[in-house]
Amino acid sequence: MTEKLPQSAWTIAWLFLVGQVVLLMTRGVNPADWPMVVVSMLLTAVIVRWFASGVLRARTVRLVIVWILLSLTAVLSIVGLLIDPAATTAVDLVNFAFTVAELVALAAFCRTTWFKDHRRSPNVSRSALTPLLLVVVASGLLGGLTAPFGGDASPTQISVQL
């Protein structure tokens, strides 16, 4: 089995990170109390890392959940764009483009030799995944820091944004 991660895995990670930076820049920082924001950041980072690790190790349940979430996001984005095209902003289009790119990169990853090899034998050395998972954790931390959609938050709200 090859231990070098395919480029498509890196593409997915960087797309999520850059997409999260775009959301942070457009929505701003979560207005909840600072301890709750820290808890949100940590929870989001742990959950996103767990899902990413499962996808990289070709674990069926986590992979299917990620496919469902990304597909639903894409479909709901299209529906939103079709329902009220006049209200569509450049940020909406950029977010949709990121979602589509993430779906394409995930499809490419699922066709790699890495994925096929680890589907048969899911043992992956931690050192092979560590650099990519650091990018994933950074994306999760930013997700917890980003204000929720609409910007409304109570002072004690914990927000896990995937």
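In this text the structure is predicted, and so the values were computed from the model without any measurement. (Residues numbered from 1 in each chain as written. Predicted model: local features only at pLDDT ≥ 70, side-chain atom pairs only at ≥ 80, totals over all residues. Heavy atoms only, no water.)

J.: Can you tell me about the overall build of the protein chain, naming the residues and giving the values?
T.: Along its length, the protein chain carries 6 helices and 0 strands. Looking at the protein chain residue by residue over its 162 residues, the buried ones come to 41%. Partitioning the contacts of the protein chain with sequence separation of at least 6, the portion at a separation of at least 24 is 86%. Element-wise, carbon and sulfur atoms account for 71% of the exposed surface of the protein chain, whose accessible area totals about 8,800 Å². (Helix = DSSP H or I, 4+ residues; strand = E, 2+ residues; numbered from the N terminus. Buried < 20%, exposed > 50% of the residue type's maximum accessible area, 1.4 Å probe, protein only. Contact = heavy atoms within 4.5 Å. Areas by Shrake-Rupley, 256 points an atom, 1.4 Å probe, with all protein chains shown as cover.)

J.: Report on the nonpolar core, specifying residues and quantitative values.
T.: Core analysis: the largest hydrophobic core is formed by 32 residues, its most contacted members being Leu 56, Leu 106 and Phe 109. Counting residues per element, the ones that place at least two in this core are helix 1 (7-27), helix 2 (34-56), helix 3 (60-83), helix 4 (90-110), helix 5 (113-120) and helix 6 (126-145). If sequence neighbours within four positions are ignored, Phe 109 has contacts with Pro 6, Ser 8, Ala 9, Ile 12, Val 55, Leu 56, Trp 114 and Phe 115. (Core = buried A, V, L, I, M, F, W, Y, C linked by side-chain atoms within 4.5 Å.)

J.: Would you mind going over helix 5 in detail, with residue names and values included?
T.: Burial in helix 5 covers these residues: Trp 114, Phe 115, Asp 117 and His 118. End-on view of helix 5: buried residues confined to an arc of 165 degrees, all on one side of the axis. Opposite the buried face of helix 5, at more than 90 degrees from it, the exposed residues are Thr 113 and Arg 120. Buried residues along helix 5 sit in contact with helix 2, helix 3, helix 4 and helix 6. (Arc of directions from axis to C-beta.)

J.: So what's going on with the packing of aromatic side chains? Which residues, and what values?
T.: In this structure the tally under the stated criterion is 2 aromatic pairs. Taken together, a centroid distance of 5.6 Å and an interplanar angle of 75 degrees make the contact between Phe 109 and Phe 115 edge-to-face. Take Phe 109: its relative accessible area is 1%, and that puts it in the buried class. Positioned above the aromatic ring of Trp 50 is the side chain of Arg 62, whose terminal nitrogen or guanidinium carbon lies 4.3 Å from the ring centre. (Phe/Tyr/Trp six-rings, centres within 6.5 Å; stacked < 30°, edge-to-face > 60°. Lys NZ or Arg CZ within 6 Å of the ring centre and 35° of its normal.)

J.: Could you give an account of the environment of Phe 115, naming the residues involved and the relevant values?
T.: Looking at the secondary structure, you find Phe 115 in helix 5. In this structure the C-alpha to C-alpha distance between Phe 115 and Leu 56, which are 59 residues apart in sequence, comes to 7.3 Å. Not counting chain neighbours up to four residues away, the residues in contact with Phe 115 comprise Val 55, Ala 58, Leu 63, Phe 109 and Cys 110.

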